[in-house]
Amino acid sequence: MKVALVTGGTRGIGLSIVELLAQEANLRVITCGTKPQPGVEFPEQVEYVQCDISHSNSVTAMIDQIIAVHSKIDILVNNAGISHVKPNGRFLIEDLEEQTWHQVLNTNLSGAFYTCKQVIPHMKKNRYGRIINISSASARFGGILASVDYISSKAGLIGLTKGLAYELRGCGITVNSVAPGRIDTDMIADAKLSDEWAEQHVPLGRLGRGEDIAGAVLFLISKHADYVHGATLDCNGGWVIT
Ligand code: NDP
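Residues numbered from 1 in each chain as written. Predicted model: local features only at pLDDT ≥ 70, side-chain atom pairs only at ≥ 80, totals over all residues. Heavy atoms only, no water.

Colleague: Whenever I open this one, the overall build of the protein confuses me. Can you help?
Modeller: Check the secondary structure of the protein and you find seven helices and seven strands. In sequence order, the protein lays out its α and β elements as β-α-β-β-α-β-α-β-α-α-β-α-α-β. With the principal axes as the frame, the protein shows a C-alpha extent of 45 × 40 × 40 Å. Within the protein, the proportion of its 242 residues that are buried is 52%. Within the protein, residue pairs in contact and separated by at least 24 positions form 71% of the contacts whose partners lie at least 6 positions apart. Element-wise, carbon and sulfur atoms account for 50% of the exposed surface of the protein, whose accessible area totals about 11600 Å². Side-chain charges of the protein comprise 21 positive and 24 negative groups, with the mean position of each set lying 10 Å from the other. (Helix = DSSP H or I, 4+ residues; strand = E, 2+ residues; numbered from the N terminus. Buried < 20%, exposed > 50% of the residue type's maximum accessible area, 1.4 Å probe, protein only. Contact = heavy atoms within 4.5 Å. Areas by Shrake-Rupley, 256 points an atom, 1.4 Å probe, with all protein chains shown as cover. Lys, Arg positive; Asp, Glu negative; His and termini not counted. Charge placed at Lys NZ, Arg CZ, Asp CG, Glu CD.)

In structure tokens, the structure reads:
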């Protein structure tokens, strides 16, 4: 049975990915969050580990624990992320504290660097791996709600994806990103986007759902995507057309 690690699977998009992979892909799924308990009931083949991905020592402890039990990680989905959102606009650079910048970059970008750095040697040994980084539509066009800390972190994930795709030639590992549009989760609750907003701005006429992104991830880990490498899959209902 293949083993997947999905970071940040306690809520929102991550929880949808965990549930779909457990249901459709016959995988052992490990997920993490910052709290001692996930606060949600997972399907049977899902395990939860407490890990703060913004700290490399916490990531090391999690990966060591997974390898000790399962001996391998075949699939890595870097989903965990944070954003500071406010109604009707964004935080301007003048209002952005240095501490917030570092917190967002450490979580959204360094967190993925730590997991990739530690998981790739195991994937190389098995000559197989699928890595998916959850970026954002805001990295493609600069963003409406998101501030520059978040946008920079998500653009960084696309860079990480491309750089690794080039580096990991001939290893049996593919690396890709998914760039979600506005997905109806806790993360954007403070933005208070209405159905009317979605009808007006999103050609498919609605906000995205966690399942929409989970479906894109399921495709990228499937054999149907074996020739997709270094790509960013837009999944935004046509909100951003790149
Ligand atoms: P949510 O806020 O709903 O969920 C975030 C998840 O990440 C939670 O499971 C949380 O776990 C986990 N998490 C946060 N910080 C850490 C950390 N330091 N270590 C480990 N886990 C952490 O977010 P979404 O589901 O909306 O977003 C998921 C991903 O999709 C993010 O990367 C986000 O940037 C991206 N995205 C979201 C969009 C949207 O519109 N919602 C649009 C584009 C991209 P816990 O709280 O248990 O610690």
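Colleague: Looking at this structure, how should I read the site of the ligand?
Modeller: R11, T34, N79, Y150 and T185 are the nearest of the 30 residues found near the ligand. One of the side-chain nitrogen or oxygen atoms of T34 is found 2.4 Å away from an oxygen atom of the ligand. In this structure, D52 approaches the ligand through a side-chain N or O atom, which is 2.8 Å from a nitrogen atom. Calculation on the ligand without its partners gives an accessible area of 900 Å², and the protein chains cover 96% of this total. Using a 2 Å cut-off from the grid points, one finds that the ligand occupies the largest pocket. Counting residues per element, the ones that place at least two in the shell around the ligand are α1 (12-24) and α5 (148-167). For the shell around the ligand, a count of residues per class yields eleven nonpolar, 13 polar and six charged. (Near = heavy atom within 4 Å. Polar contact = N/O pair within 3.5 Å; in protein donor to acceptor, adjacent residues only side chain to side chain. 1 Å grid on protein atoms, 1.4 Å probe; cavity = no way out; pocket = protein on both sides within 12 Å on 5 of 7 lines; lining within 4 Å. Sits in = over half its atoms within 2 Å of the grid points. Nonpolar A, V, L, I, M, F, W, Y, C, P; charged D, E, K, R; others polar.)

Colleague: Sorry if this is basic, but what is going on with the pattern of salt bridges here?
Modeller: If the charged atoms of two oppositely charged side chains come close together, the side chains can form a pair. Under the defined criterion, the tally for this structure stands at six salt bridges. The residue R130 makes a salt bridge to D226 at a minimum N-O spacing of 3.0 Å. On the criterion of sequence distance, the pair formed by R130 in strand β5 (residues 129-134) and D226 in the loop between α7 (210-221) and β7 (232-235) is long-range, its members being 96 residues apart. The partly exposed category is assigned to D226, whose relative accessible area is 42%. (Salt bridge = Lys/Arg side-chain N within 4 Å of Asp/Glu carboxyl O.)

Colleague: Would you take a moment to explain unusual backbone geometry for this structure?
Modeller: Most peptide bonds are trans, and most residues other than glycine sit at a negative phi. The backbone of S71 sits at a positive phi, close to 70 degrees, despite the residue not being glycine. Following the sequence through the fold, S71 ends up in the loop between α2 (56-70) and β4 (75-78). Of note, K192 is a non-glycine position whose phi angle comes to about 50 degrees, a positive value. For K192, the position within the fold is in the loop between β6 (173-180) and α6 (195-201). A relative accessible area of 62% places K192 in the exposed class.

Colleague: How do you make sense of the environment of G163 when you look at a structure like this?
Modeller: Inspection of the secondary structure assignment puts G163 in helix α5. We classify G163 as partly exposed; its relative accessible area is 37%.

Colleague: I'm lost on the state of the cysteines in this one. Help?
Modeller: Cysteine pairs can be linked by a disulfide, which is a covalent bond between their two sulfur atoms. Tallying each qualifying case throughout the model produces zero disulfides. Cysteine C51 shares no disulfide, and the gap to the nearest cysteine sulfur, in C32, comes to 4.8 Å. Left unpaired, C171 is separated from the closest cysteine sulfur, that of C116, by 13 Å. (Disulfide = S-S within 2.5 Å.)

Colleague: Which parts of the structure should I look at to understand the nonpolar core?
Modeller: One recurring pattern in soluble globular proteins is that nonpolar side chains are buried together. Counting 29 residues, the largest nonpolar core has L5, M62, I63, I131 and I173 as its most contacted members. Counting residues per element, the ones that place at least two in this core are β1 (2-7), β2 (27-33), α2, α3 (98-126), α5 and β6. Element by element, the count of residues in this core is highest for α3, at six residues. The next biggest cluster of nonpolar side chains, apart from the first, holds 28 residues, and it includes L20, A22, A214 and I221. (Core = buried A, V, L, I, M, F, W, Y, C linked by side-chain atoms within 4.5 Å.)

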